[in-house]
Amino acid sequence: EAQVTQNPRYLITVTGKKLTVTCSQNMNHEYMSWYRQDPGLGLRQIYYSMNVEVTDKGDVPEGYKVSRKEKRNFPLILESPSPNQTSLYFCASSVAEPYEQYFGPGTRLTVT
Amino acid sequence: GENVEQHPSTLSVQEGDSAVIKCTYSDSASNYFPWYKQELGKRPQLIIDIRSNVGEKKDQRIAVTLNKTAKHFSLHITETQPEDSAVYFCAASGTGGFKTIFGAGTRLFVKA
């Protein structure tokens, strides 16, 4: 089954404790992206990747890191999480640009 | 920076009526305009998209129109049904990358 998966789905952590949210797709898509969704603000792009080892900043990259060492995986890293990073995070992938994005199920992160 | 404005933020219609959601974008290089539907607790899913070389596209009860001169595009849903109730997001993206800007979303309520 073609899909985008994210782990974990829910995470509660404390300020400053490094965490990684994984994203994987099995559709051989070139493009992958991370978004955060906050009430009233829609989806805001954090980082995107156009291919292995090629990444670029979206609108809200501060406090986040990404890597794309393999085509199928695009982890999101929060080196020192803060409460303002409490949000719902979505990973997405696309066969090419610009085309339909397929979203993962979301990761709800709470930073206390 | 680039942005996409979406209106209204909330829309309530009677079953069978039409619903219209409007978006305005700022980046004249944008050439792909998708619409995503997000049901409660679910991931966003594409419902229709349009490219800059097309003025209108229709898929059953859903249509999208694009006015590149005015940098304006709209989603039209006819004969609305209760299952159309969801949050709808417009977005704009362009060539040369995968940067995507989403609108803030419209919560549509269809009353039976």
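Whatever comes next refers back to the structure up there.
Residues numbered from 1 in each chain as written. Chains lettered and ligands numbered in written order. Predicted model: local features only at pLDDT ≥ 70, side-chain atom pairs only at ≥ 80, totals over all residues. Heavy atoms only, no water.

## Notes on the state of the cysteines
All names here are of chain A. On inspection of all chains with the given rule, the structure shows 2 disulfides over all chains. Each sulfur in the disulfide pair Cys 23 and Cys 91 lies 1.8 Å from the other. Negative torsions about the S-S bond denote left-handed disulfides, and the value of about -70° found for Cys 23 with Cys 91 makes this one left-handed. Of the two residues, Cys 23 sits in strand 3 (residues 19-25) while Cys 91 sits in strand 9 (residues 87-94), which places them 68 residues apart along the sequence. No difference in accessibility class separates Cys 23 from Cys 91, as the two residues are buried. (Disulfide = S-S within 2.5 Å. Helix = DSSP H or I, 4+ residues; strand = E, 2+ residues; numbered from the N terminus. Buried < 20%, exposed > 50% of the residue type's maximum accessible area, 1.4 Å probe, protein only.)

## Quick word on the interface of chain A and chain B
Each partner contributes residues to the interface: chain A has 25 residues there, and chain B has 22 residues. Taking both sides of the interface into account, the surface hidden between chain A and chain B amounts to around 2000 Å²; carbon and sulfur atoms contribute 58%. The tally of links from chain A across to chain B stands at 1 salt bridge. With a shortest N-O distance of 3.7 Å, Asp 59 of chain A and Lys 99 of chain B are connected by a salt bridge. Across the contact surface, chain A and chain B share 6 residue pairs in polar contact (both at pLDDT 80 or more). Elements with a minimum of two residues in the side of chain A that touches chain B: strand 4 (31-38), strand 5 (42-51) and strand 9 of chain A. (Contact = heavy atoms within 4.5 Å. Buried area = accessible area lost by both parts, 1.4 Å probe. Salt bridge = Lys/Arg side-chain N within 4 Å of Asp/Glu carboxyl O. Polar contact = N/O pair within 3.5 Å; in protein donor to acceptor, adjacent residues only side chain to side chain.)

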